[in-house]
Amino acid sequence: MSTATSTETIIKDNFPLIDQEVHDYVVNVLQDGQEEFQDADEVYEILGEMLMDVSDRAKNEKEIKIICSKLLQSVKMPDGNKKTSNGEHRILSQPVHLEMVSNMSSQVDEYKSIWCPQKESLTTVDQKKLEKAEAKLKIKQEKRDNQENNPVPVFQMQREASANQMVNRRDVRMDDVGRSKDIKIENFDVAFGNKTLLLGADLTLSFGRKYGLVGRNGIGKSTLLKMISSGSLSIPRHISLLHVEQEVVGNEKSALEAVLECDANRHALLEEEKRLLNSKDDDAGEKLEKIYADLIATEADKAPARAAAILHGLGFTESMQKQATKEFSGGWRMRIALARALFSRPDLLLLDEPTNMLDMKAIIWLENYLVKSWTSTLLVVSHDKQFLNIVPTNILHFHNQRIDPYSGNYENFVKVKNEKVKNQEREYESQMEYRKHVQEFIDKFRYNAKRASLVQSKLKMLEKLPELKPVEKEEKVVLKFPEVEPLSGSPILQLDEVSFGFGSDDILHKISLNANLESRICIVGDNGSGKTTLLKILTGELNPRSGERKAHRNLKIGYFSQHHVDQLSMNLSSIEFLASKFPGKPSEHYRNYLGRFGVTGDLGVQPIQSLSGGQKSRVAFAAMCLALPLLIILDEPTNHLDVETVEALGDALNHYKGGVVLVSHDETLIRMVCKELWLVKDKKVTSLEGGFEQYRMLVEKELEDVH
């Protein structure tokens, strides 16, 4: 028996009502993939869902898998001529689009076909499932090709992100023709290694709206942005987009030049102007006139001022704007990358945690700029609650492998979501109570002949009820700092007339302050004002050039650096890393500390490099706490933490029995924790009695004075 005959026999025996087009598609997939399929599970992964749909009776998963096993055996047999049932070679070049035809002639009334609107087909298959099957097969082939041609370490292969989207090409063409700048990404999947992040998700972005993408750490928000920017998820080709995720490359160009050059049209016109001015062509004058007309039309003369204003808003002084990009640190180069994106004004701007690299003044400027001046579409991942309340017009909630849209800012999202969950809980509990009541009636009168018809009626009614599932709630985030023994005497840490600097210039001059176990001190100020330097003096990492640092003899300080990621060993697991820092304890001891900060289960044994930014921060918290510090000094701890974790961190710090000194630009955390606010400015440290409200007013006044 030939392969084709055997395969077709299996299909016809098990799916007698299958349509010819679907039949041919199944045969084509099996024959094309016979060298690629390793086992029946792979055949089921590609075709299982479709075969369930075309069965004449409801077949369960086990039955379909048995059929898939038989189909695999049939194509693995020594093959003869692979032919379709009519004896002709037929290989489909693309998936069948099962669309109903509305204008067929009356002559086809008796013709049984899925194309005929007069007859209902019992085996109509969803077009998306056909395309999905083809896409899965294509991805499987590409992965095998890549593995053969570019062997990589096993772990990296497992952690590679991938996206799969069922694209209706007709809709894409219509979008291109209409030149709409709205974006609809429908029915797509995103996976990271073996973990499915999104399944059958939809994402709609209306042009001119500002979307805040929120969700727990590690759920896949940054991965989604990368899938969009890389083209793995299809958007209309005429829509320009920019994803700010990498710092600009440092070179001799100034910060201002780096921003201006991203306007490719202006740059090309100016280069052509230079060429024509040195040209002896007869028509050079005529071409120059056209160049000048184009420059005027695009307001090219205003570009330097606009670029300078953006850079100034992000913290670049006039002298810094003239400074070569290679002279800036990574954080400042990220600001240049952000400035380039704002200057370019793409149709879609993707921002991933833009406030992480900014001080409070730059954050407030960015909030105002995006609210008042940004007219294109914005999709931003942020964990800054205040930012999410001011900038977004819509919130996208990433959870449970889907994205739920909400109108309004973050505060409105929380209110509506909580109300939605309460309603779902009430509806579920009400239905469960009703089902219980009806079932009691059925059980009571099941064998009562007089009530038989009523019992049957109740049974049918139960069958027709929609099946509600318990509401899936996200677990509350809880962080716990260790218990500490009190120290006698106060203060436990003190600076007296301390100065620090390099050469003859002081960064901090004659600073006097102290901290004790009850301290909840928040330090604020512009980037570069000396906040991190002050923290390093407090920890003893830097020695003052004058003045004195006094510390209790039994004081243990825990320091969380804003560059903590650089201090983690990426190739080690979290447990191995803690064991390397504090050896000699059983693994349960390290697991206990990791568990205090939400690093549980398999996360503890995964290489740290595979963790999200927020999860790496939690590992750093655990490492800091293993030494049982009595004073915790935190430098920008909220970077990469989601909103819920920031609030959990605030609660944990308030319950901690030791002292806390905190540098942060996160307004939520500052308001939760701060009892004292220190402003670092002009080489001095000043206590602001009015707290954060006073500081924000000072910053807003400075911004107003600039304008």
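Each remark here, short or long, concerns the structure printed above.
Thresholds applied
- Residues numbered from 1 in each chain as written.
- Predicted model: local features only at pLDDT ≥ 70, side-chain atom pairs only at ≥ 80, totals over all residues.
- Heavy atoms only, no water.
- Helix = DSSP H or I, 4+ residues; strand = E, 2+ residues; numbered from the N terminus.
- Buried < 20%, exposed > 50% of the residue type's maximum accessible area, 1.4 Å probe, protein only.
- Polar contact = N/O pair within 3.5 Å; in protein donor to acceptor, adjacent residues only side chain to side chain.
- Contact = heavy atoms within 4.5 Å.
- Pairing = 2+ DSSP bridges.
- Phe/Tyr/Trp six-rings, centres within 6.5 Å; stacked < 30°, edge-to-face > 60°.
- Lys NZ or Arg CZ within 6 Å of the ring centre and 35° of its normal.
- Axes fitted to C-alpha atoms, helices over the stretch in contact; angles between N-to-C directions.
- Salt bridge = Lys/Arg side-chain N within 4 Å of Asp/Glu carboxyl O.
- Parallel < 35°, antiparallel > 145°, perpendicular 65-115°, else oblique.
- Left-handed = near helix turned anticlockwise from the far one by under 90°.
- Nonpolar A, V, L, I, M, F, W, Y, C, P; charged D, E, K, R; others polar.
- Core = buried A, V, L, I, M, F, W, Y, C linked by side-chain atoms within 4.5 Å.

## As for the side chain of Asp359
Structurally, Asp359 can be placed in the loop between strand E6 (348–352) and helix H15 (360–372). Of the residues examined, Asp359 reaches a relative accessible area of 7% and is grouped as buried. Side-chain polar atoms of Asp359 contact the backbone nitrogen of Asn527, separated by 2.8 Å. Once residues within four sequence positions are removed from consideration, Asp359 is found in contact with Arg335, Gly525, Asp526 and Asn527.

## Considerations on the pairing of strand E12 (residues 520–524)
Looking along a regular strand, one sees side chains alternate from face to face of the sheet. Burial of E12 is extensive: 5 of the 5 residues sit out of reach of the surface. Both faces of E12 are covered, namely the face carrying Arg520, Cys522 and Val524 and the face carrying Ile521 and Ile523. In terms of strand pairing, E12 meets strand E16 (residues 659–663) through 4 bridges, oriented parallel. Its bridge partner lying in E16, Arg520 is registered against Val660. Alignment of E12 against strand E17 (residues 676–681), held across 4 bridges, turns out to be parallel.

## So, the packing of aromatic side chains
Counting across every chain of the model gives 13 aromatic pairs. Relative to Phe413, the ring of Tyr406 lies with its centre 5.0 Å away and its plane at 75 degrees, an arrangement referred to as edge-to-face. Of the two residues examined, Tyr406 and Phe413, each falls in the buried class. Ring plane angle 80 degrees and centroid distance 5.3 Å describe the contact between Phe500 and Phe502, whose orientation is recorded as edge-to-face. Here a set of aromatic residues connected by ring pairs shows up, and it is made of Phe481, Phe560, Phe597, Phe621 and Tyr656. Lying across the ring of Trp332, Arg335 places its NZ or CZ 4.2 Å from the centre. A cation over a ring is seen here: Arg596 above Tyr593, with NZ or CZ 5.5 Å from the ring centre.

## Details of the sheet that holds E17
Pairing is mixed in the open sheet, where 6 strands are placed in the order E14-E15-E16-E12-E17-E18. Only two strands of the sheet have a single partner each, and these edge strands are strand E14 (557–560) and strand E18 (684–687). The mean inter-strand angle of the sheet, taken between neighbouring strand axes irrespective of direction, is 20 degrees. Sheet strands in contact with helix H22 (residues 613–625) are E14 and strand E15 (631–635), and its direction is about 165 degrees off that of E14.

## Quick word on the pattern of salt bridges
Taken as a whole and judged by the stated rule, the model has 24 salt bridges. Put simply, Lys683 and Asp505 hold a salt bridge, and the shortest N to O gap is 3.1 Å. Of this pair, Lys683 sits in the loop between E17 and E18 while Asp505 sits in strand E11 (residues 505–515), placing them 178 residues apart in sequence. With relative accessibility at 35%, the residue Lys683 sits in the partly exposed group. Accessibility expressed as a relative area gives 46% for Asp505, which makes it partly exposed. The partner of Asp506 in a salt bridge is Arg545, and the shortest N-O contact between them spans 2.5 Å. Of this pair, Asp506 sits in strand E11 while Arg545 sits in the loop between helix H19 (531–539) and strand E13 (546–551), and the two are 39 residues apart along the sequence. Residues participating in the shared-partner salt-bridge network are Glu367, Glu667, Arg671, Glu693, Arg696 and Glu700.

## Focus: the packing of helix H3 (residues 40–54) against helix H4 (residues 61–76)
The description of two packed helices rests on the angle between their axes and on the distance between the axes. Relative orientation of the contacting elements H3 and H4 amounts to 120 degrees, with a least axis distance of 9 Å. As the angle between them shows, H3 and H4 are arranged oblique. Where H3 crosses over H4, the handedness of that crossing is right-handed. Listed contacts from H4 to Ala40, Asp41, Val43, Tyr44, Gly48, Leu51 and Met52 of H3 are Glu61, Ile64, Lys65, Cys68, Ser69, Leu71 and Leu72. Its residues assigned to classes, the contact of H3 with H4 shows 9 nonpolar, 2 polar and 3 charged.

## A word on the nonpolar core
In this structure, Leu342 and Phe481 are the most contacted members of the largest nonpolar core, which totals 113 residues. Here the element with the most residues in this core is helix H14 (residues 330–344); it accounts for 9 residues. Excluding its chain neighbours within four sequence positions, the residues that come into contact with Leu342 are Arg306, Ile310, Leu349, Trp365, Leu366, Tyr369, Leu370 and Trp374. By size, the runner-up hydrophobic cluster in this structure holds 26 residues, among which are Ile185, Leu224, Met227 and Leu379.

## A closer look at the packing of H14 against H15
Here H14 crosses H15 at 15 degrees, and the two axes come no closer than 13 Å. Comparing their axes, H15 and H14 come out roughly parallel. Crossing angle aside, the handedness with which H14 passes H15 is left-handed. Counting all contacts with H14, which are made through Arg335, Leu338 and Leu342, the residues of H15 involved are Ala362, Trp365, Leu366, Tyr369 and Leu370. Residue classes in the contact of H14 with H15 are distributed as 7 nonpolar, no polar and 1 charged.

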